[in-house]
Amino acid sequence: MSAAFDLSYQDLSPGQQRLFRRLALHPGPDFDAPAAAALNDDTPADTKAAASKAADERPATNEPAASESSANEPTSNRTATSRSTAAKPTDTRAADTRPAGNGPADNGPADGGPAGNEPADNGPAESGPADSGPAGNRPASNRPAGNGPAGNGPAGNGPAGNGATPDEPLERRPAREMLEGLLEHNLLTEPRPGRYRFHDLIATHARHRAAADPEPEREAALDRLLDHYLAVADAAAAVQGAGYTGGTPSAPPPEVGDPRRAADWFAAEQSNLAAAVARAAARRHRAAVGIPAAMQHHLRIRGPYNLAVRLHRIARTVAGLSGDGSAYAQASMNLAHIQRMSSDPAATGTVREALDRYRQAGDRRGEGRALDALARNHYMADDFPAAIATAEQSLALCGRAGDPYGQACALELLARVHSVVGDYPAAAGAARRAVALHRQLPGLPGQGTALMILADVQFATGDCRAALASAEESRALSRQADDRIVEANALDTLAIVRRAIGDQAAGAEAARAAHALFVQVGSRHGEVNTLVSLAWIQYEAGDHAAAARTTARAHELCRQYDDRSGRANVLHLRGVLARDGAELTEALDLFRGMGDPDGAADVLIDLGRLLFEQGAAAAAHEEFTAALELARRIGAPRHEARALEGLGHCLRREGRDDNGRRHLREALAIYRRVQSPAAARTADALA
């Protein structure tokens, strides 16, 4: 076999032989013409300039990690009436940071070892989320979902620029032509257009040939490849927006010229970039810090999170070895964001470490964004007062530092938390301010997040038409930006709103799509939220057995990941399914303990319904009265209508028919205003 390879090799031109040996140095599973050009030293001028610029600028860089948008924050795990609290939406904001730092000055490999491609965990998603309790409980909000990694492999359509393109730089064409020559000699395969790879045996032969080249030539070739990947990753991240501030060329290479092509490039090159980071760490190359930072938005929205954690740990270790405090803080911010998304309790400690580094450096912008990240950790821990106070500090600091993106992220979180605690006017105001800020900034990711949060608030306050419009726009923008987390949250909102207005089929379809996206990304919180939503839809459709199975799956996920708000929603659902007052009471205690009035009102109504059905009208009257007071205090019209309906029936059973009918008429007026299908039921009761 080796003799056959030798014959093929001898038949090559000297230039082809040289490229054959250089390709053996590539650390990843496949390569394209630009990577081959870098190894062969006919790297495009724009990539060389970008790499040079990055090398010059990174050492002095002090840019903080990008703030994280609430889009990534899980929505509360609520059932459907109001999206609010318990179900926190999945966190959508990218914590991208400028990959600062010049590369480690130390020689050891960075923490984590090679970051390879782990198998994707893409199991099929079960029927999507369902609706909430009887008469429309609340949506299973999306608490920032995402725990585990999602499928690792490059997803998507492959980079733009597979195969020769009219705008391909002239410098790349010799490499492409030589690749075609190697292909004709059966020394390469081309599994997809423009993507080349060695057969394992040929790769071994190529490495044997390459070992005979002088070591300085091999080292220089590998450095050029790492510079190439760093420069293009920087450019792609900048094109995607999401607050990324890395050093990039003024005109990005053609393969990452717009957000869609940038997303496709990251998807196709994910395995190569992970391998490049591991190789860069062992070589003290700046790409070990820069590439993970550039990949943050991509990994946040597409996963897998285990790969993201590994890469950010490598970046943090390398930055620490080099003594670059700014780069260390940025890598810590990125790591903390993914840890939070994957329900890792270490996230808070990681954020605090980054916050201390920024404060020591006097970096106000970085401090503002780190405070935003800390506020998100408080939110996920259901410490809503601390979340509000810390987010307000972040908002003020980002304002003083001239960081509108950081301000928008802090406003998104404030909107989310105010919604959870029932302060809907404050939530709506913060959400609208965030939308306005994002519309003034380049890029799409932030707009989708802010609109999704606004849709949740609009739904909670009874404006279903506006909620549908905002959620649809959020979904369209997130698909355009290839942001799966925001798209999943927007779909979950659509499922909740459509269920509330009686369009169960469309609600179930949206819920299934949301669940599938959460599974792909690896967001366990998102999975719980959508399973709860799905179970409510199944329950209201009369399929109680399916609802019980779906609820059991959600309960197991909550148990594994210690999701308190998810557990409260699951207990609420189980209590309704089993007609179990003890489980409903436990859910009520959890909602009250978390400071979640929306969740508490929802459970009080279902406790009242259960007591009424059991013949305890006086006890039911008390629960409905408590729910009505809460609903009116927080301005939740669906809960108000359900509580009024329950009170109306209690009063009529007590013999106070006129008073009962008055309550039912009030409930009917609200149901009609918020487009609830419960209007028909209430009208029948009044007939």
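Starting afresh in each chain, residues are numbered from 1 along the sequence in its written order. pLDDT decides what is reported in this predicted model: residues at 70 or higher carry local features, side-chain atom pairs at 80 or more are listed and counted, and totals for whole chains, interfaces and linings draw on all residues regardless. To obtain the side-chain values, all non-hydrogen atoms of the structure were used and water was disregarded.

Colleague: Help me understand the overall build of the protein in this model?
Modeller: Counting from the N terminus, the helices are the DSSP runs of H or I reaching at least four residues and the strands are the DSSP runs of E reaching at least two. Looking only at helices and strands, the protein has 29 helices and 4 strands in total. Put simply, of all contacts in the protein between residues at least 6 apart along the chain, 73% involve residues at least 24 apart. We call two residues in contact when some of their heavy atoms are within 4.5 Å.

Colleague: Whenever I open this one, the environment of Ala 327 confuses me. Can you help?
Modeller: For Ala 327, the location among the structural elements is in helix H11 (residues 325–341). Buried, partly exposed and exposed residues are distinguished by accessible area as a fraction of the type maximum, computed with a 1.4 Å probe on protein chains only: under 20%, between the cut-offs, and over 50%, respectively. On the accessibility criterion, Ala 327 (1% relative accessible area) is buried. Expressed as a C-alpha distance, the spacing of Ala 327 and Arg 357, which sit 30 residues apart in the sequence, is 9.8 Å.

Colleague: Please clarify how the packing of helix H22 (residues 544–561) against helix H23 (residues 564–578) should be interpreted in this entry.
Modeller: Remark: H22 packs on H23, axes separated minimally by 10 Å, with the N-to-C direction vectors making an angle of 155°. Considering their axes alone, H22 and H23 lie roughly antiparallel with respect to each other. Between H22 and H23 lies a crossing of left-handed hand. Listed contacts from H23 to His 544, Ala 547, Ala 548, Thr 551, Ala 554, His 555 and Cys 558 of H22 are Gly 566, Arg 567, Val 570, Leu 573, Arg 574 and Leu 577. Lys, Arg, Asp and Glu make up the charged group, whereas Ala, Val, Leu, Ile, Met, Phe, Trp, Tyr, Cys and Pro make up the nonpolar group; the residues left over, Gly among them, are polar. Its residues assigned to classes, the contact of H22 with H23 shows 7 nonpolar, 4 polar and 2 charged. Here an axis means a line fitted to C-alpha atoms, over the contact stretch when the element is a helix, while the angle between two N-to-C directions is reported on a 0 to 180 degree scale. Between 65 and 115 degrees an angle is taken as roughly perpendicular, under 35 as roughly parallel, over 145 as roughly antiparallel, and anywhere else as oblique. Handedness of a helix crossing follows the sense of rotation of the near helix relative to the far helix, less than a right angle counterclockwise being left-handed and clockwise being right-handed.

Colleague: Mind showing me how you'd approach the environment of Tyr 196 here?
Modeller: Positionally, Tyr 196 belongs in strand E4 (residues 195–197). Taking the C-alpha atoms as reference points, Tyr 196 and Leu 183, 13 residues apart in sequence, are found 8.5 Å from one another. Setting aside its immediate chain neighbours within four residues, Tyr 196 contacts Asp 30, Phe 31, Asp 32, Arg 176, Leu 179, Glu 180, Leu 183, Leu 188, Thr 189, Glu 190 and Pro 191.

Colleague: Explain the side chain of Asn 40 to me, please; I cannot follow it from the model alone.
Modeller: As for its position among the elements, Asn 40 is in the loop between helix H3 (33–39) and helix H4 (45–57). In contact with Asn 40, not counting residues within four places along its chain, are Arg 18, Leu 19, Arg 22, Met 178 and Arg 224.

Colleague: Would you explain the pattern of salt bridges in this entry?
Modeller: A side-chain nitrogen of Lys or Arg and a carboxyl oxygen of Asp or Glu constitute a salt bridge if their distance falls within 4 Å. In the structure shown here, the tally under the stated rule is 36 salt bridges. With a shortest N-O distance of 2.7 Å, Arg 376 and Asp 372 are connected by a salt bridge. Separated by 4 residues within a single helix, Arg 376 and Asp 372 lie in helix H13 (residues 364–380), roughly one turn from each other. On the accessibility criterion, Arg 376 (0% relative accessible area) is buried.

Colleague: Looking at this structure, I do not really get the pairing of strand E3 (residues 189–192). What am I missing?
Modeller: The side chains of a regular strand alternate between the sheet's two faces. Only strands that DSSP links by at least two bridges are regarded as paired with each other. Relative to E4, E3 runs antiparallel, the two sharing 2 bridges. Pairing of Arg 192 across the sheet is with Arg 195, part of E4. Where E3 hands over to E4, the hairpin turn is made up of 2 residues, of which Gly 194 adopts a positive phi near 85°.

Colleague: How do you make sense of the packing of aromatic side chains when you look at a structure like this?
Modeller: Stacked, tilted and edge-to-face are the three classes assigned to paired rings of Phe, Tyr and Trp, where Trp is represented by its six-membered ring and a pair needs centres within 6.5 Å; plane angles under 30 degrees give stacked, over 60 edge-to-face, the rest tilted. If you walk through the whole model with that rule in mind, you get 6 aromatic pairs. Between Tyr 379 and Phe 384, the aromatic rings sit 6.2 Å apart at their centres with planes inclined by 50°, giving tilted as the arrangement. By relative accessible area, which is 2% here, Phe 384 ends up buried. The residue whose ring lies beneath Arg 357 is Tyr 328, and the NZ or CZ to ring-centre distance is 4.1 Å. To sit over a ring, a charge needs its Lys NZ or Arg CZ within 6 Å of the ring centre and within 35 degrees of the ring normal. For the cation-ring pair, Arg 653 lies above Phe 612, with the distance from its terminal atom to the ring centre recorded as 3.7 Å.

Colleague: I would appreciate a short explanation of the side chain of Gln 16 in the present structure.
Modeller: Within the fold, Gln 16 resides in helix H2 (residues 14–23). A relative accessible area of 13% places Gln 16 in the buried class. Polar contacts here mean pairs of N or O atoms no more than 3.5 Å apart (in protein, one a potential hydrogen donor and the other a potential acceptor; neighbouring residues in sequence count only if both atoms are side-chain atoms). Separated by 3.0 Å, the side chain of Gln 16 and the backbone nitrogen of Ser 13 make a polar contact. Discounting chain neighbours no more than four positions away, the residues touching Gln 16 are Met 178, Gly 181 and Leu 182.

Colleague: Explain the state of the cysteines to me, please; I cannot follow it from the model alone.
Modeller: In a disulfide, the sulfur atoms of two cysteines are covalently bonded to one another. The criterion for a disulfide is a pair of cysteine sulfur atoms lying within 2.5 Å. Scanning all chains against the criterion turns up 0 disulfides. Just so you know, Cys 398 is unpaired, no disulfide at all, and the nearest cysteine sulfur is the one on Cys 409, 7.9 Å from it.

Colleague: I tried to follow the packing of H13 against helix H14 (residues 384–400) on my own but got confused; where do I start?
Modeller: Two packed helices can be described by the angle between their axes and the distance between those axes. At their nearest, the axes of H13 and H14 sit 8 Å apart, and the two run at 165° to each other. The angle between H13 and H14 places the two elements in the roughly antiparallel class. H14 is crossed by H13, and the crossing has left-handed handedness. Of H14, the residues touching H13 (which contributes Arg 364, Glu 367, Gly 368, Arg 369, Leu 371, Asp 372, Leu 374, Ala 375, His 378 and Tyr 379) are Phe 384, Ala 386, Ala 387, Thr 390, Ala 391, Gln 393, Ser 394, Leu 397 and Cys 398. Residue composition of the contact of H13 with H14, by class: 10 nonpolar, 5 polar and 4 charged.

Colleague: Even after reading the chapter, I still don't get helix H21 (residues 524–540), so can you show me in this structure?
Modeller: One full turn of an α-helix is made of 3.6 residues, so residues set three or four places apart face in the same direction. The terminal C-alpha atoms of H21, which comprises 17 residues, lie 24 Å apart, in line with the 24 Å expected from a rise of 1.5 Å per residue. H21 sits mainly inside the fold: 16 of its 17 residues count as buried. Directly beyond the C-terminal end of H21, a positive phi value near 90° is found at Gly 542. How far a helix is expected to stretch is found by multiplying one less than its residue total by 1.5 Å.

Colleague: Explain helix H16 (residues 424–440) to me, please; I cannot follow it from the model alone.
Modeller: Here H16 spans 25 Å end to end across 17 residues, near enough to the 24 Å set by a 1.5 Å rise per residue. Residues of H16 that are buried: Tyr 424, Ala 427, Ala 428, Ala 430, Ala 431, Ala 434, Val 435, Leu 437 and His 438.

Colleague: What should I look at first to understand the confidence of the model for the protein in this one?
Modeller: Per-chain confidence: the protein averages 80 in pLDDT, with 78% of residues scoring 70 or above. The predictor's confidence in any single residue is recorded as pLDDT, a number from 0 to 100. The least confident element of the protein is strand E1 (residues 75–76), whose mean pLDDT is 42; the most confident is H14, at 95. Of the regions scoring below 50 in pLDDT, residues 43–66 engages in 78 contacts with residues more than four places distant in sequence or in other chains. In the predicted structure, residues 91–171 sits below a pLDDT of 50 and forms 449 contacts with residues beyond four places in sequence or in another chain.

Colleague: In this structure, what is going on with unusual backbone geometry? I would like to understand it.
Modeller: Of all residues except glycine, most have a negative phi; of all peptide bonds, most are trans. Phi is positive for Asn 186, close to 60°, though the residue is something other than glycine. Along the chain, Asn 186 falls in the loop between helix H5 (173–184) and E3. For Gln 675, which is not glycine, the phi torsion reads 60° and is therefore positive. Summarising the element assignment, Gln 675 is placed in the loop between helix H28 (657–673) and helix H29 (678–686).

Colleague: Would you mind going over the environment of His 199 with me for this structure?
Modeller: Of note, His 199 is situated in the loop between E4 and helix H6 (200–210). Residue class for His 199 comes out partly exposed when judged on its relative accessible area of 44%. Taking the C-alpha atoms as reference points, His 199 and Leu 188, 11 residues apart in sequence, are found 6.9 Å from one another.

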